[in-house]
Amino acid sequence: MDTSLRPAVAADIDWLVELRAVVLRDDLTRLGVFDEIRVRSRMRDAWQPEWSRVVVVDGADVGSVTTRLDGDTRWIEHLYLAPEVQGRGIGAAVLRAVLDEPHAGPTRLNVLQGSAARRLYERLGFVSDEEDDVDVFMTLRAGEV
């Protein structure tokens, strides 16, 4: 599979909020917090195309990743892949590409409690440093990548 990242554009938001709803539905439902409107509005309200890239596999747009700076912390957000391409190493390739980009401070992300994505993040060196009933906040261990 040919995997690449392209810059996101404002017009991507419509299909990306739908992708987010599909990808998060099962975990949010399991956690008792799924809301059809909120799952879309949270991304629509926070998403910045200038910080985001679209994951392209074999010429098709299949996902997204956002890299946002907050002080010296790099946040990885909105990493979503269409269900039909999950489990093929694409998420790991996208994360490695992002982590290979120069950054001097910590890199953080959050994942839903019980999400299978947590295993991927842990394999790449992220450790849990804060949790609540819904989210697990993770930071890349120093010297990893």
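Here, the structure is the one placed above.
The present account deals with the structure reproduced in this document. (Residues numbered from 1 in each chain as written. Predicted model: local features only at pLDDT ≥ 70, side-chain atom pairs only at ≥ 80, totals over all residues. Heavy atoms only, no water.)

## Considerations on the overall build of the protein chain
Operational definition: Secondary structure elements are taken from DSSP: a helix is a run of H or I of four residues or more, a strand is a run of E of two residues or more, and numbering for both begins at the N terminus. The reference for a compact globule is 2.2 Å times residues^0.38; the radius of gyration itself is calculated from the C-alpha atoms. The rule is simple: take the accessible area with a 1.4 Å probe, protein chains only, and divide by the maximum for that residue type; under 20% is buried, over 50% is exposed, in between is partly exposed. Reported accessibility uses the Shrake-Rupley method at a 1.4 Å probe radius. Residues are deemed covered only where the shown protein chains occlude them.
Looking only at helices and strands, the protein chain has four helices and seven strands in total. Secondary structure of the protein chain in N-to-C order comes out as β-α-α-β-β-β-α-β-α-β-β. Over its C-alpha atoms the protein chain spans a radius of gyration of 15 Å, differing by no more than 12% from the 15 Å that the globule rule assigns to 145 residues. Considered along the principal axes of its C-alpha atoms, the protein chain spans approximately 40 × 35 × 30 Å. Across the 145 residues of the protein chain, 43% fall into the buried class. As presented, the protein chain carries roughly 7,800 Å² of accessible surface, and 49% of it is formed by carbon and sulfur atoms.

## So, the side chain of Thr67
The line we're drawing: Within 3.5 Å is the distance limit for a polar contact, defined as a pair of N or O atoms, with the added protein rule that one can donate a hydrogen and the other accept it, and that residues adjacent in sequence qualify only through two side-chain atoms. In what follows, a contact means two residues having at least one pair of non-hydrogen atoms within 4.5 Å.
The residue Thr67 is located in strand β3 (residues 60-70) in this model. Side-chain polar atoms of Thr67 contact the side chain of Arg53, separated by 3.3 Å. Setting aside anything within four residues of it in sequence, one finds Thr67 in contact with Trp51, Arg53, Arg74, Trp75 and Val98.

## Remarks on the packing of aromatic side chains
So the rule is basically this: Two rings from Phe, Tyr or Trp (for Trp, the six-membered ring) form a pair when their centres sit within 6.5 Å of each other. Planes less than 30 degrees apart are called stacked, planes more than 60 degrees apart edge-to-face, and all others tilted.
Enumeration according to the criterion identifies two aromatic pairs in this entry. An angle of 90° between the planes, with centres 6.4 Å apart, marks the rings of Trp75 and Phe137 as edge-to-face. Taken together, the residues Trp75 in strand β4 (residues 73-81) and Phe137 in strand β7 (residues 135-140) connect sequence positions 62 residues apart. In this structure Trp75 comes out as buried when scored by relative accessible area, which is 11%. Their ring planes at 65° and their centres at 6.2 Å tell us that Tyr121 and Phe126 sit as a pair that is edge-to-face. Accessibility classification places Tyr121 together with Phe126 in one group, the buried group.

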